[in-house]
Amino acid sequence: MTQQGAVLQGYNNELVKCIEDLCMQKQELTKEIQQAEEEKNKLQHEIQVLNEELERVCENLAQKVASRNELEKILAETEAAYMKILDSSRTLLNVLKKEVGNLKHTPELKTN
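Residues numbered from 1 in each chain as written. Predicted model: local features only at pLDDT ≥ 70, side-chain atom pairs only at ≥ 80, totals over all residues. Heavy atoms only, no water.

As annotated in an unreviewed UniProt entry, the protein chain carries the name SSNA1 protein and comes from Tricholaema leucomelas.

This is the structure in structure tokens:
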């Protein structure tokens, strides 16, 4: 009977050792899980900050593009108006030259 008791005691010691090993593995895994959750939370926070920054940049970009488009429209209109002024100036100059030319052929101005 004592031999059976010794065998049983050996099994018990081995069982206790296995349970202790499992508890240590569980503690280590729990620690790793906690670290992974902290890393996940940190990354989620960084993603949130980056998304907010991206949103601000996109809004700023949209405003700048709208301003540029408005400036392009104003510039096109201004250039078109300027071309009309140039054309009118050219027409006026031609008319003026013609009138001056006609005045030189009138007898009253030739007496000078």
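Another aspect to go through is the overall build of the protein chain. When you go through the protein chain residue by residue, the secondary structure sums to two helices and zero strands. For the protein chain, whose C-alpha radius of gyration is 47 Å, the value lies well above the compact-globule estimate of 13 Å for 112 residues. Over its C-alpha atoms, taken along the principal directions, the protein chain stretches across nearly 160 × 15 × 15 Å. Accessible surface computed for the protein chain: about 10,700 Å², of which carbon and sulfur atoms make up 61%. The averaged location of the 20 negative side-chain charges in the protein chain is 17 Å from the averaged location of its 15 positive side-chain charges. (Helix = DSSP H or I, 4+ residues; strand = E, 2+ residues; numbered from the N terminus. Rg over C-alpha atoms; globule rule 2.2 N^0.38 Å. Areas by Shrake-Rupley, 256 points an atom, 1.4 Å probe, with all protein chains shown as cover. Lys, Arg positive; Asp, Glu negative; His and termini not counted. Charge placed at Lys NZ, Arg CZ, Asp CG, Glu CD.)

Attention now goes to the environment of Gly10. Along the chain, Gly10 turns up in helix 1 (residues 2-104). What makes Gly10 partly exposed here is its relative accessible area of 31%. (Buried < 20%, exposed > 50% of the residue type's maximum accessible area, 1.4 Å probe, protein only.)

This paragraph deals with a nonpolar patch on the surface. Together, Tyr82, Met83, Ile85 and Leu86 line one region of the surface with nonpolar side chains, adding up to about 420 Å² of accessible area. If you trace the backbone, Ile85 turns up in helix 1. (Patch = residues over 30% accessible without salt bridge, like charges linked within 9 Å, V, L, I, M, F, W, Y side chains within 5 Å. Salt bridge = Lys/Arg side-chain N within 4 Å of Asp/Glu carboxyl O.)

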